[in-house]
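Descriptive structure summary
Here are the chains, one letter per residue:
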Amino acid sequence: MTLEDLLAKRLVLFTGKGGVGKTTCALAFAVAASRKRRVLLCEVGARAASSHVLSVREATHVPSQPDAARFPGLWSARLEPVK
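Residues numbered from 1 in each chain as written. Predicted model: local features only at pLDDT ≥ 70, side-chain atom pairs only at ≥ 80, totals over all residues. Heavy atoms only, no water.

Position of L40 relative to the elements: it lies in strand β1 (residues 39-44). Each C-alpha atom of the pair L40 and W75 lies 4.7 Å from the other, and the pair is 35 residues apart in sequence. Setting aside residues no more than four positions away along its own chain, L40 makes contact with P63, W75, S76 and A77. (Helix = DSSP H or I, 4+ residues; strand = E, 2+ residues; numbered from the N terminus. Contact = heavy atoms within 4.5 Å.)

Our focus in this paragraph is the layout of surface pockets. Considering only enclosed or pocket space, the largest pocket measures out at about 940 Å³ in volume. Counting only elements with at least two residues in the lining of the largest pocket, the list comes to α1 (3-8), α2 (22-34) and β1. Considering every element that reaches the lining of the largest pocket, the biggest residue donor is α2, with seven residues. (1 Å grid on protein atoms, 1.4 Å probe; cavity = no way out; pocket = protein on both sides within 12 Å on 5 of 7 lines; lining within 4 Å. Points joined across faces, edges and corners; volume = space filled by probe spheres on them.)

Within the secondary structure layout, F29 lies in helix α2. Between the alpha carbons of F29 and L41 there is a distance of 9.4 Å; along the sequence they are 12 residues apart. Setting aside chain neighbours within four positions, we find F29 in contact with L3, L6, L7, V12 and F14.

As a further point, take the side chain of R78. By the element assignment, R78 lies in strand β2 (residues 74-79). For R78, a relative accessible area of 12% puts it in the buried group. One polar contact links R78 to E80, side chain to side chain, over a distance of 3.1 Å. (Buried < 20%, exposed > 50% of the residue type's maximum accessible area, 1.4 Å probe, protein only. Polar contact = N/O pair within 3.5 Å; in protein donor to acceptor, adjacent residues only side chain to side chain.)

As structure tokens, this is what we get:
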């Protein structure tokens, strides 16, 4: 599968064990994809690991645009599992 094939998908998930680079890969892919289309980077967990990279104070369940000048097509949000 090529990058163009992945960019054509409506939903792309990054999963795996902790510490394997999911956030890094998801961020890189989201930034690349946002150059061609609107992208929602949605993290699931107790804390948003990408907040510091995107210069977001705190990611919430409400999508927000981190930096419209640097990432015009990128939006981010965080979903926290209910206990």
